[in-house]
Amino acid sequence: MQYEEKYISVEQALDMVKSNDVIVTGLGAAEAGLFMGQLHTIAPRVKNVTVTNCLPTHPSEIYRPEYVDSFQVDGWFFAPQMRKAHANGNMAYIPNHLHLAATKRLQYVKPNIYVGAASMPDKHGYISLSLSNTYEKRMIEAADLVMLEVNPNMPYSLGDLQVHVSDVDYLIRADYMPPVTPDLPFTEKDAAIGRLIADMVPDGACIQLGIGGIPNAVAAALESKNDLGVHTEMLTSGMMRLAKMGVINGKRKQINRGKIVTTFAMGIPELYEFMDYNPGVAVMDGAWVNDPYTIAQNDNQISINTSLEVDLTGQCASESLGSRQFSGTGGQADTAIGAQMSKGGKSIIALYSTAMVKGPDGEKHEVSKIVPQLMTGAAVTLSRNDVDRVVTEYGVAELRGTSIRDRVARLIEIAHPKFREELWDQAVEVGILGRR
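What you see is a predicted model; the values in this text were computed from it and never measured.

So what's going on with empty space enclosed by the protein? Which residues, and what values?
Under the defined criterion, the tally for this structure stands at 1 cavity of 30 Å³ or more. By volume, the largest cavity amounts to about 40 Å³. Gln208, His231, Thr232, Glu233, Val289, Asn290, Ile295, Gln301, Ser303 and Thr335 are the residues that line the largest cavity.

Written as structure tokens, this is what we have:
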């Protein structure tokens, strides 16, 4: 086999980890599944090993409370197992804007080890980092030791994420399937929001979408559009389907014309097959893709993101429930600001008008997600200075350039009807408005 001298077992890779090491692994489906799945086995001999990750997708025992002395996990974006393990005390969020995640982290700490998932080497000795180049290549260049789990099931994606085998210290044979993000079925409420958003997307626009019921509904509502382009943080299964239908072709983009540009991908197996050696898909450096000045170069750039809670001044809390970290900033601010800098661009924040929340009595109660004040301790993901349009199933609130009084009125118009009168009273009570 080519490069046989580079191959080691995952056990040999783990033997190289020392106390106080800083390890970085890939984002999402680019996480090193074998390595992370067995990392806990070295707990008896190591202390204070820092693992830096982002939206991990593989199961790992290091999140269990018995390993708190051995492993600290620092994450750019929390996944469910990280939220659950946060109470153990060895889990910490790294505040970041995605396009600066790598550069700012490297100003703080140098990684000892990078380990991630990748494609098999091609005949020229080049390996594709496959499903993410959000920060991975920059970390590879900075790390003392680079190990890649090369896997025939990982797509050989194109873009600027190729690494020559000579720049990799060790290869680990892997044969697992890339983690799948299943298509979430969308509700009628999602569909209503999707239709409202699709109405704001002109033919020829360049789009950015995420995952979940609302983004899936948006993708379905865009099927009647023509000549859409993609410049996105994340490539999704919905975008892949639109490309296969011919809705997405990138013909009207100002940069990277004809190409789907992304920094990572997660979705169904068909998405990964679509990406394999596809010259129409470019997986590029997250520091470039998500730079607002890059985003702004395409006309009619439409950024579509979701939020957990929006206050009556327009502040968007999209990553935490009060002080409890739920997910991460990701590229929300990057794409929202970049889209508004784009000629004809729009930033759209979508959320349901209400949610069911367990109260002090232990019973679930319906609450408004448009609120007079954010939950105590909530992180503001998108500031009120940068918000543009907010959408619920009840309509669209256009906030760009508006006063606080106008914002209050427009946001209450798209709140659930049963909370509207109360929201007016609360706006006066907390001092947002002088009086009605």
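Which residues make up the environment of glycine 250, and what values go with them?
Here glycine 250 lies in the loop between α8 (237-245) and β14 (260-262). Residues within four places of glycine 250 in sequence aside, it is in contact with Leu228, Gly229, Arg257 and Gly258.

Got a sec to walk through the nonpolar core? Specific residues and values, please.
Ranked by size, the top nonpolar core spans 71 residues in total, and within it Leu148, Leu171, Ile197, Ile207 and Ile248 carry the most contacts. Those residues in contact with isoleucine 197 that lie beyond four places of it in its chain are Val218, Ile304, Ile348, Ala350 and Val391. Counting 30 residues, the second largest nonpolar core, distinct from the first, contains Phe35, Ala43, Tyr63 and Leu145.

Please give an account of helix α6 (residues 188-198) that cites residues and values.
For α6, every residue scored as buried is listed here: Asp190, Ala191, Ala192, Ile193, Gly194, Ile197 and Ala198. Structurally, α6 contributes buried residues whose contacts are with α7 (213-221), β17 (301-306), β22 (346-350) and β26 (389-392). A side-chain oxygen of the first residue of α6 lies 3.3 Å from the backbone nitrogen of lysine 189; this N-cap is threonine 187.

Outline the sheet that holds strand β19 (residues 316-317), supporting the account with residue identities and numerical values.
As summarised here, the arrangement of the 3 strands in space is β19-β18-β25, forming an open sheet in which the pairing is mixed. The two strands at the open ends of the sheet, each matched to only one other strand, are β19 and β25 (370-371). Where strand β18 (residues 309-311) lies against β19, 2 bridges are found, and the strand directions are antiparallel. Counted as the bridge partner of glutamate 309 is alanine 317 from β19.

An account of the layout of surface pockets is requested, with residue identities and associated values reported.
Empty pockets left among the atoms are what a rolling probe the size of a water molecule brings to light. Of the volumes computed, that of the second largest pocket is approximately 460 Å³. In terms of lining residues, the second largest pocket is bounded by 19 residues, among which Glu309, Leu321, Val357, Val367 and Met375 are the most central. Put simply, the parts of the chain that give the lining of the second largest pocket at least two residues each are β20 (320-321), β23 (354-358) and β24 (364-368). It is β23 that contributes the most residues to the lining of the second largest pocket, 3 residues altogether.

Can you lay out the side chain of threonine 232 for me, pointing to particular residues and giving the numbers?
Note on placement: threonine 232 falls in the loop between β12 (229-230) and β13 (234-235). With residues near it in sequence (within four places) discarded, threonine 232 still touches Ile207, Gln208, Leu209, Met239, Val261, Thr262, Thr263 and Val289.

Would you mind going over the pairing of β23 in detail, with residue names and values included?
Where β23 meets β24, 5 bridges bridge the pair, whose relative direction is antiparallel. Each bridged residue has a counterpart across the sheet, and for alanine 355 the counterpart in β24 is valine 367.

So, the packing of α6 against α7: which residues are in play, and what are the values?
Between two packed helices, the angle of one axis relative to the other and the distance separating the axes together describe the packing. Between α6 and α7, the shortest axis-to-axis distance is 8 Å and the interhelical angle comes to 50 degrees. Classified by the interaxial angle, the pair formed by α6 and α7 is oblique. Judged by the twist between their axes, the crossing of α6 over α7 is right-handed. Residues Asp190, Ala191, Ile193, Gly194, Arg195, Ile197 and Ala198 of α6 form the contact with α7, whose participating residues are Gly213, Ile214, Ala217, Val218 and Ala221. Tallied by class, residues from the contact of α6 with α7 come to 8 nonpolar, 2 polar and 2 charged.

A description of the sheet that holds β22 should follow, citing residues and the corresponding values.
Strand order in the open sheet formed by 6 strands is β12-β11-β17-β22-β26-β27, and the pairing between neighbours is mixed. The open sheet is flanked by β12 and β27 (395-398), the only strands paired with a single partner. In the sheet, β22 pairs with β26 via 3 bridges, with the strands oriented parallel. Within β26, the residue paired with isoleucine 349 across the bridge is valine 390.

I'd love a proper account of the packing of aromatic side chains, names of residues and values included.
Under the defined criterion, the tally for this structure stands at 3 aromatic pairs. The interplanar angle of 85 degrees and the centroid separation of 6.0 Å between the aromatic rings of phenylalanine 78 and tyrosine 93 together place this pair among those described as edge-to-face. Taken together, the residues phenylalanine 78 in the loop between β4 (71-75) and α3 (80-85) and tyrosine 93 in strand β5 (residues 91-93) connect sequence positions 15 residues apart. Here the two residues phenylalanine 78 and tyrosine 93 agree in accessibility, since each one is buried. Note on tyrosine 156 and tyrosine 277: the rings are 4.7 Å apart at their centroids and 5 degrees apart in plane angle, and the pair reads as stacked. With a gap of 121 residues between them, tyrosine 156 in the loop between β8 (145-150) and β9 (162-164) and tyrosine 277 in the loop between α9 (269-275) and β16 (281-283) connect regions that are remote in the sequence. Residue tyrosine 156 is classed as buried on the basis of its relative accessible area of 6%.

Got a sec to walk through the packing of helix α13 (residues 404-413) against helix α14 (residues 417-429)? Specific residues and values, please.
Remark: α13 packs on α14, axes separated minimally by 9 Å, with the N-to-C direction vectors making an angle of 160 degrees. Comparing their axes, α14 and α13 come out roughly antiparallel. Judged by the twist between their axes, the crossing of α13 over α14 is right-handed. Contacts between α13 and α14 involve Val408, Ala409, Ile412 and Glu413 from the first element and Arg420, Leu423, Trp424 and Ala427 from the second.

Any details on the environment of asparagine 153? Residues and values, ideally.
With respect to the secondary-structure elements, asparagine 153 resides in the loop between β8 and β9. Sequence spacing of asparagine 153 and tyrosine 176 is 23 residues, and the spatial spacing of their C-alpha atoms is 7.0 Å. When neighbours within four sequence positions are excluded, asparagine 153 is seen to be in contact with Asp175, Tyr176, Met177 and Pro178. Here aspartate 175 takes part through its backbone oxygen, which lies 3.1 Å from a polar atom of the side chain of asparagine 153. Polar side-chain contacts of asparagine 153 include one of 3.1 Å to the backbone oxygen of tyrosine 176.

Which residues make up the pairing of strand β2 (residues 22-25), and what are the values?
Of the two faces of β2, the one holding Val22 and Val24 and the one holding Ile23 and Thr25 are both buried throughout. Across 3 bridges, β2 lies against strand β3 (residues 49-53) in parallel orientation. The partner of isoleucine 23 across the bridge, within β3, is valine 51. Pairing of β2 with strand β6 (residues 113-118), which is carried by 3 bridges, proceeds in the parallel orientation. Each residue of the ladder has a partner; that of valine 24, found in β6, is tyrosine 114.

Basis of the calculations
- Residues numbered from 1 in each chain as written.
- Predicted model: local features only at pLDDT ≥ 70, side-chain atom pairs only at ≥ 80, totals over all residues.
- Heavy atoms only, no water.
- 1 Å grid on protein atoms, 1.4 Å probe; cavity = no way out; pocket = protein on both sides within 12 Å on 5 of 7 lines; lining within 4 Å.
- Points joined across faces, edges and corners; volume = space filled by probe spheres on them.
- Helix = DSSP H or I, 4+ residues; strand = E, 2+ residues; numbered from the N terminus.
- Contact = heavy atoms within 4.5 Å.
- Core = buried A, V, L, I, M, F, W, Y, C linked by side-chain atoms within 4.5 Å.
- Buried < 20%, exposed > 50% of the residue type's maximum accessible area, 1.4 Å probe, protein only.
- Polar contact = N/O pair within 3.5 Å; in protein donor to acceptor, adjacent residues only side chain to side chain.
- Pairing = 2+ DSSP bridges.
- Axes fitted to C-alpha atoms, helices over the stretch in contact; angles between N-to-C directions.
- Parallel < 35°, antiparallel > 145°, perpendicular 65-115°, else oblique.
- Left-handed = near helix turned anticlockwise from the far one by under 90°.
- Nonpolar A, V, L, I, M, F, W, Y, C, P; charged D, E, K, R; others polar.
- Phe/Tyr/Trp six-rings, centres within 6.5 Å; stacked < 30°, edge-to-face > 60°.

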